[in-house]
Amino acid sequence: MAAACKISAPKLARLKVIREKLVPEYMGLFEKDKLPEQTAYALARLPEDFQKRLTNALSEAPSGSAVEKVLKKYNEGWRWEPELQCPDGKPCKRGDTFLRRDCEAKSWESFCGGNTCCLECEKAKASYSPCERMCSKAKAQRKAAKDEAAEAAHKREQKVGRKYQKETQIYAKRLLPAIDAAGLPEHTKIRWRYDAFEVAAIRQWAAGEFNDPAGWYETKLTPQKFYDAPEVARLLGCTTDFLMGLADDFRPPAGTEPPAQEEPAQNVSNLDTLPEGEPEEEPGEEPEEEAGEKEPPVRRVRWESRGRTPPEGKLILTYKMANDGPAYRAAVWKNGQFKTPNDRSVLTGLQYTHWLKVPPPASGEEFQLEPPEQAEGQLVISGWMPGGTFPREPCEVVADFRVSGGTGRPEAHLRRVCWFDGMNFLFKRHSSKIDAECVRWMALPPVESDVSKLDTSEEECV
């Protein structure tokens, strides 16, 4: 018959089993080519009553791999008739649900068979992708456990948030006298690092009126955390020292004016560096448009060409453009040669096109410098700024960071050249954030990129 039909004998045998054993519900699908031959053959090898049970339990025919697993387990004695009891003492009647769950299981998932109560099954307790066929009692138990965990997490967040709110209340009370003295309207917004807070909100915080503490993830109005401290000081008519937490009285000292907004640094090409402490005008001369006391000259920091001799024994930062980008090196010019900042060794053959004198923020400090990735341009007016303030725009800076001294050793300051991206100090442009606390920083002036324009004449540098 197989030869006459031009098919193999095994295939003819499978078709014979299907024709004789497959129930009508599945046979109709097989004849319409909606049931693969392998799946139909596996179903046909199950007892007729079990095939009927499958048609009642499932909304559509199972896959071939699922039927093969069900057939294997059936031959091993599985019947999906659980011998379990519910908490109320009644017998479990979810056999068809267990069968449906196993027929719907993924190929990598194990079978249930109704051998484990849903209340004890790990799949019902799993944090992710739990069993969708668990009983209602297991679902209620899972929801209760989830709600309990969420409530515990909420209480933990509230505990931490209350601490932030108490600290915020202290800082808000500290600001109120300055706000009242400035006569600011309630809707006025005061910019504080990432946010801008209305005066009305600050008054509420000072009075201890807060929303749910679970939504507080940091202390507000913290001193030293500014993008533009002079702007806030001008708005409140107070000193920047008060905003930084360095002074308790918000009023400027007698005879001084409230801080004015700093003008952005400008590039200058032909401006000589002034000796520290010397005014630009001749002694005895006063500008006609100025009145009152003369302000001390602003410290000017700029890149010098290699044609200028570095100052003796002063810490400098050298620069050159290498094949892989800008290269920086900390050095000291001493006795006609470059030496390392710690004066331990000579930097023989140091290659550079520019150098910059790093003004010390205080005497008696020793630091080290590490290279960044990029720089460009020539001269700006610059100076050291306290930690907690930030540059107005992304730029390269020299910054001092507070680092741990290790076991049994005091804290130390590490100075390095880094990149400020507008929000954080990075090790270099497009790299990772520096998590250490910034003590002070100074914006680096840009470096002239055209080497042909460099002044290579030998001059004494002040």
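Residues numbered from 1 in each chain as written. Predicted model: local features only at pLDDT ≥ 70, side-chain atom pairs only at ≥ 80, totals over all residues. Heavy atoms only, no water.

Re empty space enclosed by the protein
Right, so step 1: Per the stated rule, a full pass over the model turns up three cavities of 30 Å³ or more.
Right, so step 2: The computed volume of the largest cavity comes to approximately 90 Å³.
Right, so step 3: Lining the largest cavity are Trp192, Arg193, Tyr194, Asp195, Phe197, Glu218, Thr219, Lys220, Leu221, Thr222 and Lys225.
Right, so step 4: Per-class residue counts for the lining of the largest cavity are four nonpolar, two polar and five charged.
Right, so step 5: As for the second largest cavity, its lining consists of Tyr171, Arg174, Leu175, Trp192, Leu221, Pro223, Phe242 and Leu243.
Right, so step 6: Elements with a minimum of two residues in the lining of the second largest cavity: helix 9 (136-182) and helix 12 (240-243). (1 Å grid on protein atoms, 1.4 Å probe; cavity = no way out; pocket = protein on both sides within 12 Å on 5 of 7 lines; lining within 4 Å. Points joined across faces, edges and corners; volume = space filled by probe spheres on them. Nonpolar A, V, L, I, M, F, W, Y, C, P; charged D, E, K, R; others polar. Helix = DSSP H or I, 4+ residues; strand = E, 2+ residues; numbered from the N terminus.)

So, the nonpolar core
A general tendency of soluble globular proteins is for nonpolar side chains to be buried together.
Right, so step 1: Counting 35 residues, the largest nonpolar core has Leu22, Leu43, Phe50 and Leu54 as the members making the most contacts within it.
Right, so step 2: If you list the elements that add at least two residues to this core, you get helix 3 (24-31), helix 4 (37-44), helix 5 (48-57), helix 6 (64-75) and helix 7 (95-104).
Right, so step 3: Counting residues per element, this core draws most heavily on helix 4, at five residues.
Right, so step 4: The next biggest cluster of nonpolar side chains, apart from the first, holds 23 residues, and it includes Leu184, Ile190, Val232 and Phe242. (Core = buried A, V, L, I, M, F, W, Y, C linked by side-chain atoms within 4.5 Å. Buried < 20%, exposed > 50% of the residue type's maximum accessible area, 1.4 Å probe, protein only.)

Things to note about the packing of aromatic side chains
Right, so step 1: Tallied over the full model, the rule gives 14 aromatic pairs.
Right, so step 2: Centre to centre, the rings of tryptophan 205 and tryptophan 216 are 5.5 Å apart; their planes meet at 75°, and the pair counts as edge-to-face. Within this pair, whereas tryptophan 205 is found in helix 10 (residues 199-206), its partner tryptophan 216 is found in the loop between helix 10 and helix 11 (229-236), the two being separated by 11 residues in sequence.
Right, so step 3: Taken together, the aromatic side chains of Phe50, Tyr74, Trp78 and Trp80 make up a single cluster linked through ring pairs.
Right, so step 4: In this arrangement the basic side chain of arginine 174 is found over the ring face of phenylalanine 242, its NZ or CZ atom lying 4.0 Å from the centre. (Phe/Tyr/Trp six-rings, centres within 6.5 Å; stacked < 30°, edge-to-face > 60°. Lys NZ or Arg CZ within 6 Å of the ring centre and 35° of its normal.)

Some remarks on the packing of helix 9 against helix 10
Right, so step 1: Two numbers describe how helix 9 lies on helix 10: the axes approach to 8 Å, and their chain directions differ by 125°. Judged on the interaxial angle alone, helix 10 and helix 9 are oblique. Of the two possible hands of crossing, helix 9 and helix 10 adopt the one that is left-handed. Contact residues: helix 9 offers Thr168, Gln169, Ala172, Lys173, Leu176, Ile179 and Asp180, while helix 10 offers Val199, Ile202, Arg203, Trp205 and Ala206. (Axes fitted to C-alpha atoms, helices over the stretch in contact; angles between N-to-C directions. Parallel < 35°, antiparallel > 145°, perpendicular 65-115°, else oblique. Left-handed = near helix turned anticlockwise from the far one by under 90°. Contact = heavy atoms within 4.5 Å.)

Comments concerning the state of the cysteines
Right, so step 1: Scanning all chains against the criterion turns up zero disulfides.
Right, so step 2: Between cysteine 117, a free cysteine, and cysteine 135, which holds the nearest cysteine sulfur, the sulfur-to-sulfur gap is 5.9 Å.
Right, so step 3: Not part of a disulfide, cysteine 131 finds its nearest cysteine sulfur in cysteine 121, a span of 6.4 Å.
Right, so step 4: Assessed through its relative accessible area of 17%, cysteine 131 is described here as buried. (Disulfide = S-S within 2.5 Å.)

Describing the pattern of salt bridges
Side chains that carry opposite charge are capable of pairing whenever their charged atoms lie near each other.
Right, so step 1: Under the counting rule described, the total for this entry stands at 20 salt bridges.
Right, so step 2: Between glutamate 76 and lysine 73 there is a salt bridge, and its shortest N-O distance comes to 3.8 Å.
Right, so step 3: Connected via shared salt-bridge partners are Lys11, Arg14 and Glu37. (Salt bridge = Lys/Arg side-chain N within 4 Å of Asp/Glu carboxyl O.)

Topic: the packing of helix 5 against helix 7
Right, so step 1: Contact geometry of helix 5 with helix 7 gives a least axis separation of 10 Å together with a crossing angle of 80°. By the angle between their axes, helix 5 is roughly perpendicular relative to helix 7. Of the residues in helix 7, those touching helix 5 at Phe50, Arg53, Leu54 and Ala57 are Gly95, Asp96, Leu99, Arg100 and Cys103.
Right, so step 2: Residue composition of the contact of helix 5 with helix 7, grouped by class: five nonpolar, one polar and three charged.

Focus on the pairing of strand 1 (residues 189-192)
Right, so step 1: Side chains Ile190 and Trp192 of strand 1 all project onto a buried face; the interleaved residues Lys189 and Arg191 project onto a face where none is buried.
Right, so step 2: Relative to strand 2 (residues 195-198), strand 1 runs antiparallel, the two sharing four bridges. Bridge pairing links lysine 189 to glutamate 198 in strand 2.
Right, so step 3: Counting the residues between successive antiparallel strands, the hairpin from strand 1 to strand 2 contains two residues, one of them, arginine 193, with a positive phi of roughly 55°. (Pairing = 2+ DSSP bridges.)

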